[in-house]
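Each chain, letter by letter, is given below.
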Amino acid sequence: MSGNPDDERLEKLREEKMQELQEQAEGQGGQGNEAAQNAAREQAEAQQDALLKQYLTDDARQRLNAVEMSKPDFAEKVKQQLTALAQSGRIQDRIDEEQMKGLLKELQPDSKSFNIRRR
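For every chain, the first residue of the written sequence is number 1, and numbering continues from 1 onward in sequence order. Residue-level local features of this predicted model are given only where pLDDT is at least 70; pairs of side-chain atoms are given and counted only at 80 or more, and the full residue set underlies all totals for whole chains, interfaces and linings. Values shown for side chains rest on all heavy atoms present in the structure; no hydrogens or waters enter the calculation.

K.L.:
What's the story with helix α5 (residues 97-107) in this structure? I'm lost.
P.N.:
Residues separated by three or four positions in an α-helix point in the same direction, a consequence of the helix having 3.6 residues per turn. Between buried and exposed lies partly exposed: a residue is buried under 20% and exposed over 50% of the maximum accessible area for its type, with that area taken using a 1.4 Å probe on protein chains only. Secondary structure follows DSSP: runs of H or I at least 4 residues long count as helices, runs of E at least 2 residues long count as strands, and numbering of each begins at the N terminus. Those residues of α5 that fall on the buried side of the exposure criterion are Met 100, Leu 103, Leu 104 and Leu 107. Buried residues of α5, viewed axially, fall in a sector of 100°; they line one side. Across α5 from its buried face, at more than 90 degrees, point the exposed residues Glu 98, Lys 105 and Glu 106. Considering only its buried residues, α5 is in contact with α3 (58-70) and α4 (72-87). As used here, the arc is the angular range of directions from the helix axis to the C-beta atoms. The criterion used for residue contact is that any of the two residues' heavy atoms lie within 4.5 Å.

K.L.:
It is not clear to me how the pattern of salt bridges should be interpreted in this structure. Could you clarify?
P.N.:
If charged atoms from side chains of opposite charge come close, those side chains can pair. For this document, the term salt bridge refers to a Lys or Arg side-chain nitrogen within 4 Å of an Asp or Glu carboxyl oxygen. All told, the structure shown has 4 salt bridges when counted by the stated rule. A salt bridge links Asp 58 to Arg 61; its shortest N-O distance comes to 3.1 Å. With Asp 58 and Arg 61 both in helix α3 and 3 residues apart, the pair spans about one turn of that helix. For Arg 61, a relative accessible area of 25% translates into the label partly exposed.

K.L.:
Please clarify how the nonpolar core should be interpreted in this entry.
P.N.:
Most often, soluble globular proteins have nonpolar side chains that are buried together. For this analysis, a nonpolar core means a set of buried residues of the types Ala, Val, Leu, Ile, Met, Phe, Trp, Tyr and Cys, connected via side-chain atoms within 4.5 Å. Among the nonpolar cores identified, the biggest contains 19 residues, and Leu 56, Leu 64, Val 78, Leu 82 and Met 100 are the most heavily contacted of them. For this core, the secondary-structure elements that each account for two or more residues are α2 (30-55), α3, α4 and α5. Beyond its immediate sequence surroundings of up to four residues, Leu 56 is in contact with Arg 61, Leu 64, Leu 82, Arg 94, Ile 95 and Met 100.

Put into structure tokens, the structure is as follows:
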């Protein structure tokens, strides 16, 4: 990922844990399949968090966390988009708060406005 020895060691531990869980899943049958799915989901979330830490500044991550508190579905969509951009190599520099604002505005669904007229 970023070449940091701690990140590499953490990734290696995640892979070993995933391997252990897969081996347990094969031994347990039906219950193990669910455990393996949970482990895979946790690993995917951990990888997503690592990518976001690598490509977002602290201010941008704080803004994304604030959005996540109010609109968790929208924040998840933004995280998936950022992860896809990072994995495809389309992000060159770290994303700062201003760029995050622009991205949030761009991905924000169209808001519906209502005009109420009183007669």
